[in-house]
Number of protein chains: 2
Amino acid sequence: MPTRDTNFTVGLVQRRCTEDRDDNVRRALDGVREAASKGAHIVCLQEMFNATYFCKREDFALFDIAEPILAPDTGPTIKKCQDAAKQHNVVLIAPIFERRAPGVYHNSAAVIDADGELLGVYRKMHIPDDPLYYEKFYFAPGDAEPPAPGTAKNCVSASGYRVWNTRHARVAPLICWDQWYPENARIAALLGAEVLFYPTAIGWRPEEKAEFGEDHRDGWRTVQRAHAISNELFVAAVNRTGHEPEPGTGGIDFFGSSFVADPFGRVVAESPVDEEHVLVVECPRRMIDDTRRHWPFFRDRRVDAFQPLTQRWLGNG
Amino acid sequence: MPTRDTNFTVGLVQRRCTEDRDDNVRRALDGVREAASKGAHIVCLQEMFNATYFCKREDFALFDIAEPILAPDTGPTIKKCQDAAKQHNVVLIAPIFERRAPGVYHNSAAVIDADGELLGVYRKMHIPDDPLYYEKFYFAPGDAEPPAPGTAKNCVSASGYRVWNTRHARVAPLICWDQWYPENARIAALLGAEVLFYPTAIGWRPEEKAEFGEDHRDGWRTVQRAHAISNELFVAAVNRTGHEPEPGTGGIDFFGSSFVADPFGRVVAESPVDEEHVLVVECPRRMIDDTRRHWPFFRDRRVDAFQPLTQRWLGNG
């Protein structure tokens, strides 16, 4: 078990994707090797790292992209990830389109320990649906119940939220749209997470980039920095990069900008917008305890008064 | 009732305080007049605006600073605020040290409508306690129950959280330490708030200013900008300025920097660190609906999965 004064090092692999899925996997795992060679203990890939962001349209054929994650049916992508984790001795968070059962598909992240063992899966709790992001068509939201017996090892859970006590740190994966909800970050923190990972696929429509691009990117970064601040832990956001076309639209310019924020919300390091990049950042674990000692937010939470958070709306009407 | 396309204008009065309480009140109400003259509809004063930040030590004599807020015992400070609200036709949020009953004191904000009527009181839910901020000695936390009958007019409430439908906007006061908790902002938003006001007394110890000053100020600003983003409403933070000494310590340098953020978390305007200032900002109400339409966070909240938020801790141990 790591001590308070042990640091851990995270690696974030930011990639461009094409229709060649084998090549996407190969280049992502090259990134894992690069991160490990630079000292990373825990590596996170971007949301649905083995494919283009196919949710730009609703197409029944695209369910073929999905693969099972959990044993005994673990698909080829996650098996390759397990091999890579073992080979490089890194914890690996590998997000893919998950086929759980016929008609039950999720936007998921497999969590693999540094010996290659699959520890379980986090299934995205908050599913968006907007033009070019038709996720409600493809994904069932993560269960509100805890994981089924035998499907989550070294895991503490509440509702669909899960924190794994891996060899190198207590990690909580959350996925993309989840990142806008302070509830998610808070529950993961209460479960003991030391670092939140947000694999992501967020970008600009080319036609809105000039007017809103920088504000959108800064809003995305700010809300996640605030999760680091109010929960006093590390946050790592891993986004894809590159332009992906979609017929009849301008497509999406994914804006990269993968970053790590420390428990005071400072952006410690950030990847570029337009380039593939591997970001490796050492996280001083001690900062979590020190920050919470000086700004004791967790001491004072009014848990007697938070029941209204379980409601959809409280105003008139 | 204001329509979707009606704007409202907020005024934030940032002041230095001295031991002369009458003078503190006079100069704050000069600020209300200035804000009104520049078009403000809703004006907010800083936390415990009529006194120095006396919580720098634990002193039984200082309970004398407190005054009743609610009728029929409303004290002189709030009566002067009611007169000013009526005279200038502004909604006024007036935070003071409240004497509720012998032995029951709160850190509170009176809410006064634009005709001078006292609509009720918000009592700070989250009470800090740190060296130089000994608030747990002075203040009982706000009740978890809704307001007593007859004490809150035009008010929607849940637990101790309250949103008033004033003449000019639906407003939610929250106070200082409250600002670090996303739970508070979320409940106020669910109650229909269009703007959150955070009267505040936050500063630097002179000895930590060089090393941590800018990071603390930016963390304070960032966490509140994120409340604006994740709740898609306006946020107005009103801080005091100036140095206040405390024997045996370096005292506190309050850092001003009062600001307004829009529903995308952009800082629209900001006061200086070291000077008294009145900030007046027009808020396009329509932005709230437009932002929520394009980024529909409220549609997707997993209210079926948020029960863990009512717990102190969920991790092992």
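These lines cover the structure that appears in this document, whether it is placed above or below. In this text the structure is predicted, and so the values were computed from the model without any measurement.

Re the overall build of chain A
Looking only at helices and strands, chain A features 7 helices and 16 strands. Taking 20 Å as the expected radius of gyration for a compact globule of 317 residues, we find that chain A reaches 19 Å, a close match to that expectation. Overall, chain A is about 55 × 55 × 40 Å in size when its C-alpha atoms are taken along their principal axes. Buried positions account for 64% of the 317 residues belonging to chain A. Put simply, of all contacts in chain A between residues at least 6 apart along the chain, 69% involve residues at least 24 apart. Approximately 11,000 Å² of chain A is accessible, and the part contributed by carbon and sulfur atoms is 50%. When the 38 basic and 46 acidic side-chain charges of chain A are each reduced to a single mean position, those positions are 5 Å apart.

A few points about the pairing of strand S11 (residues 234-239) of chain A
All names here are of chain A. S11 sits mainly inside the fold: 6 of its 6 residues count as buried. Here S11 shows two buried faces, one formed by Phe234, Ala236 and Val238 and the other by Val235, Ala237 and Asn239. In this sheet, strand S14 (residues 259-261) lies alongside S11 in antiparallel orientation, the contact comprising 3 bridges. Following the sheet pairing, Val235 is matched in S14 by Ala261.

Here's the deal with the sheet that holds strand S12 (residues 241-244) of chain B
Residues and elements named next belong to chain B. Spatial strand order, S10-S13-S12: 3 strands in an open sheet with antiparallel pairing. Only two strands of the sheet have a single partner each, and these edge strands are strand S10 (203-204) and S12. As paired strands, S12 and strand S13 (residues 252-255) are joined by 4 bridges and run antiparallel to one another. Its bridge partner lying in S13, Glu244 is registered against Ile252.

Digging into the environment of Arg286 of chain B
All names here are of chain B. Its place among the elements puts Arg286 in helix H6 (residues 286-294). Along the sequence, Arg286 and Asn7 sit 279 residues apart, while their C-alpha atoms lie 7.6 Å from each other. Contacts of Arg286, omitting those with residues within four sequence positions, involve Arg4 and Asp5. Within the local environment of Arg286, its side chain forms a polar contact with the side chain of Asp5, the two groups lying 2.9 Å apart.

Some thoughts on the interface of chain A and chain B
Across the contact, 65 residues belong to chain A and 65 residues belong to chain B. A combined buried area of about 6,000 Å² lies between chain A and chain B, and 61% of that area is made up of carbon and sulfur atoms. On the chain A side of the contact with chain B, Arg302, Leu309 and Arg312 of chain A bury the most area, a combined 11% of that side's loss. In this assembly, chain A and chain B are joined by 10 salt bridges.

Remarks on the nonpolar core
One finds Trp180, Leu196 and Phe197 of chain A together with Val10, Trp180, Leu196 and Phe197 of chain B to be the most contacted residues of the largest nonpolar core, which totals 136 residues. Non-local contacts of Phe197 of chain A, meaning those with residues more than four positions away in its chain, are made with Val10, Ile42, Cys44, Ile93, Val171, Ala172, Pro173, Leu174 and Ala236 of chain A. Listed in part, the 25 residues of the second largest apolar core include Val32, Ala35, Ile78 and Leu118 of chain A.

Examining the packing of helix H5 (residues 206-231) of chain A against helix H5 (residues 206-231) of chain B
Packed helices, taken two at a time, are described by the angle between their axes plus the distance between the axes. Between H5 of chain A and H5 of chain B, whose axes approach to 8 Å, the crossing angle comes to 115°. The element H5 of chain A and its partner H5 of chain B pack so that their crossing is left-handed. Contact with H5 of chain A, carried on its side by Asp218, Gly219, Thr222, Val223, Arg225, Ala226, Ile229 and Ser230 of chain A, involves Asp218, Gly219, Thr222, Val223, Arg225, Ala226, Ile229 and Ser230 of chain B of H5 of chain B and no other residues of that element. Residue composition of the contact of H5 of chain A with H5 of chain B, grouped by class: 6 nonpolar, 6 polar and 4 charged.

Structural notes on the sheet that holds strand S14 (residues 259-261) of chain B
Residues and elements named next belong to chain B. An order of S6-S7-S8-S9-S11-S14-S15 is seen for the 7 strands of this open sheet, with the pairing classed as mixed. Lying at the two open borders of the sheet, with one neighbouring strand each, are strand S6 (155-158) and strand S15 (267-270). Strand-to-strand twist of the sheet, defined as the mean angle between neighbouring strand axes without regard to direction, takes the value 20°. Relative to strand S11 (residues 234-239), strand S9 (residues 195-200) is paired through 6 bridges, and the arrangement is parallel. Within S11, the position partnered with Tyr198 by the bridge is Ala237.

Criteria and cut-off values
Residues numbered from 1 in each chain as written. Chains lettered and ligands numbered in written order. Predicted model: local features only at pLDDT ≥ 70, side-chain atom pairs only at ≥ 80, totals over all residues. Heavy atoms only, no water. Helix = DSSP H or I, 4+ residues; strand = E, 2+ residues; numbered from the N terminus. Rg over C-alpha atoms; globule rule 2.2 N^0.38 Å. Buried < 20%, exposed > 50% of the residue type's maximum accessible area, 1.4 Å probe, protein only. Contact = heavy atoms within 4.5 Å. Areas by Shrake-Rupley, 256 points an atom, 1.4 Å probe, with all protein chains shown as cover. Lys, Arg positive; Asp, Glu negative; His and termini not counted. Charge placed at Lys NZ, Arg CZ, Asp CG, Glu CD. Pairing = 2+ DSSP bridges. Polar contact = N/O pair within 3.5 Å; in protein donor to acceptor, adjacent residues only side chain to side chain. Buried area = accessible area lost by both parts, 1.4 Å probe. Salt bridge = Lys/Arg side-chain N within 4 Å of Asp/Glu carboxyl O. Core = buried A, V, L, I, M, F, W, Y, C linked by side-chain atoms within 4.5 Å. Axes fitted to C-alpha atoms, helices over the stretch in contact; angles between N-to-C directions. Left-handed = near helix turned anticlockwise from the far one by under 90°. Nonpolar A, V, L, I, M, F, W, Y, C, P; charged D, E, K, R; others polar.

Purely spatial values, then, with no claim about function.
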